Each structure stands twice: as C-alpha cells, then as structure tokens.
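A closer look at the structure
Now for the letters of each chain:
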Amino acid sequence: MSEFRKNIIRSSAMTDDLEQDDDFKRIDVARQLYDELQHLYYGYDASYLPYTHDEIISLEGTSYQFNPEAADIFINELLDIISEQYWRNYPIPEELFDRFNDDTKQFYKSFLYLAIRIGTINIPSINSADHHAEVGSSTFKDLSTLAHSIVIPYSESRFHRRFEIGIPDNELPQLFYDIGKICRALGKENVFLHPYESDEEQKKAYKEDSKKERDHLKNIADEKGIDLKQLKASEQYIKETNNYYRKQEDKELRETLGDFEDAESFFKHASVYRDLVFNYNNADSEQYIDNALKLFLIRNNLSALSTESVCRESHNQIVEVIENIRNMKNS
C-alpha cells in the first residue's frame, strides 16, 4: 500500500498562544500583500477626483471642490456599466426590466453619490466588525471598500428596532456610520433614518429598552457586590463623558467638512439609500459596483489591464511569481 495519508504535523491543541499569534500575523501579512497587488493590478490606487471635483490652485496650495455636475456624469457612466452587467446576466428583456427598475437605479445612484463624498473624508473608524476599513484617500480603492460595506447583518425590521426606535444604538453599521457622522456634524442628526410608525410603537420599544438597561445594571451590581445607586451614577457619568467627546468629534468633523457643497443632495441620497438598501443588501450588489469600478478603470487607461501589452507583461510577471513561490514551497 502506498503512503498517501499524512499525519498532522502541528495541531491546534499543540500550538501555544505565541505560535497562534504568529500564524494569524502571517495570514494578515499575506492578505495585505494580496490586496495591495490586486489594487495595483486593477488601478484602484488612482484618484477619482478628476471626474468628480474641480481643482482649485491658490497661494495656499491645491485643493479640490466637489462639482455636482461632473460627479453626475461620472455616476451615470458607472450606472451604464452596471446596466451593462445586468444585460449580460438577464438577456431576456422582461427579466432585465423587472430587476433593473427605477428603484434599482436610484439605489445604485444614491450609493455611488454617498461613496464619492465619504471617500474624500477621513472619518475615524470605530474599529468594529460592523464597520468598513479606513477610507479618505479619494481613490477607487475607497469606492471599492465602501462597495463591500453594503451587506449588513440586519433585516430591515431588526435595523429599525435597534437603531431607529426605543433607546437607539448610536453606533450605526457600515456606511450608515459615516452617513450618520456627517449628517450630525452638519446639524441634521438622523435626518435619513425612519421615524417610529406610531407613539405606541415608540413607547413600547422605549419601555423594553429601559427595562433591559435596568436589568443589566442590576445583574452587574449583584455579581460585583456594588451598590446599584452608585453603579447608576457611574454609568450616567460615563454616558455624559461619551456625549462630551462625541460633541467634540462632531465639532472637529464640522471643521473638516468646511462648506460641504451640495449638502442637501447628500441628505436626499442618504434617505434614498436608507429606503432601498434592504432590497439590495446582498453580495450581488457589491459585485456589480466593484465590477463597474474595474471596467471604468480599464476603459480609461488607469489599470494594468487597459492595454494588451501591459496586461500581457503584468500577467506574465504574476505567473512567474506564482511559479517561484510554487518552487520554493516544493523545494
């Protein structure tokens, strides 16, 4: 019988904490290198500002001012490329028109508008699984990062219950976090969120959340042997401190935003995005946008795939690297 099945060299049970950390670091480094190669290959490092902003040159230096008309042309081009993908996937007109209807177009248009605006702003990340990677460099990489933040682990009813009624959770997920930060800094807090449907709905939700908070504090007090009144006072102090820092962050962001041209359109698109996103809260939507970005980059000479010669040369170099790694692994 040939020797085919191998023994496990090092199992999880045999791996200590330091070795586990090292293993995960290797994976992270590999992922970062892979992402960097992919971004370079597709041209994600290119700036989208020449398509959406005006360049302002003054004695103080170069700045960029949002141009709604230019941005609209850019967004419509990306919408046409998304439509092109729908045609390829649903060649039967009845199927296409059913899927790529007015709501679909409005959803993509609103997302793209919001992504273009958010991608120019360095909003500190909450460092959570419910938030996307850092943006703010005004590159196609930012647009791709935001495109992959469409899917959130909430149904519309769960989102409404947690973030819009009762005692709302202020840490909105993914793109909503950025939208919320910007709207609040501009004095339009929650302008895009849905209000409670009735006073009765709000009263019931508030009562449930208040009870949950009280029970949570009582459990902590019982477990740690702390006086409940003291714990409540401590929690209130923490809330007030957090609110203070939150207002400071809002003030700093307001200064960063400056005039923030076309603010009313931002609020409008934010509302449309909230209205429609749960109809498109899936990986297909992310893929359509990401492919549109790649195709735009290819067709506008911003990608290694834009010309036959560069495409072939970069392809050959990647194949060579793959072969070198394979040989090192097998040696």
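You'll find the structure just up there.
Residues numbered from 1 in each chain as written. Predicted model: local features only at pLDDT ≥ 70, side-chain atom pairs only at ≥ 80, totals over all residues. Heavy atoms only, no water.

Taken as a whole and judged by the stated rule, the model has 27 aromatic pairs. Between Tyr51 and Phe74, the ring centres sit 5.7 Å apart and the planes meet at 15°, which makes this aromatic pair stacked. Residue Tyr51 is located in helix H2 (residues 49-52), and its partner Phe74 is located in helix H3 (residues 68-89); the two are separated by 23 residues in the primary sequence. With centroids separated by 6.2 Å and ring planes inclined at 10°, the aromatic side chains of Phe176 and Phe192 adopt a geometry described as stacked. Linking Phe176 in helix H8 (residues 174-185) with Phe192 in the loop between H8 and helix H9 (199-224), this pair joins segments that are 16 residues apart in sequence. (Phe/Tyr/Trp six-rings, centres within 6.5 Å; stacked < 30°, edge-to-face > 60°. Helix = DSSP H or I, 4+ residues; strand = E, 2+ residues; numbered from the N terminus.)

For the rest of this paragraph, the subject is the packing of helix H5 (residues 102-118) against H8. In contact at an axis separation of 11 Å, H5 and H8 are set at 65° when each is read in the N-to-C sense. What the angle tells us is that H5 and H8 run roughly perpendicular. In this structure, H5 crosses over H8, and the sense of that crossing is left-handed. In this structure, H5 contributes Phe111, Leu114 and Ile118 to the contact, and H8 contributes Leu175, Asp178, Ile179 and Ile182. Each residue belonging to the contact of H5 with H8 can be placed in one class, and the counts come to six nonpolar, no polar and one charged. (Axes fitted to C-alpha atoms, helices over the stretch in contact; angles between N-to-C directions. Parallel < 35°, antiparallel > 145°, perpendicular 65-115°, else oblique. Left-handed = near helix turned anticlockwise from the far one by under 90°. Contact = heavy atoms within 4.5 Å. Nonpolar A, V, L, I, M, F, W, Y, C, P; charged D, E, K, R; others polar.)

On to the nonpolar core, then. Counting residues in each nonpolar core, the largest one holds 67 residues, and the members touching the most others are Phe111, Phe140, Ile179, Phe266 and Tyr273. At the level of elements, H3, H5, helix H6 (140-147), helix H7 (156-163), H8, helix H10 (228-257), helix H11 (263-276) and helix H12 (283-299) are the ones that each hand at least two residues to this core. Here the element with the most residues in this core is H5; it accounts for nine residues. Filtering out sequence-adjacent residues up to four positions away, Phe140 remains in contact with Tyr44, Ala46, Ser47, Tyr48, Tyr51, Phe74, Leu293, Phe296, Leu297 and Leu302. (Core = buried A, V, L, I, M, F, W, Y, C linked by side-chain atoms within 4.5 Å. Buried < 20%, exposed > 50% of the residue type's maximum accessible area, 1.4 Å probe, protein only.)

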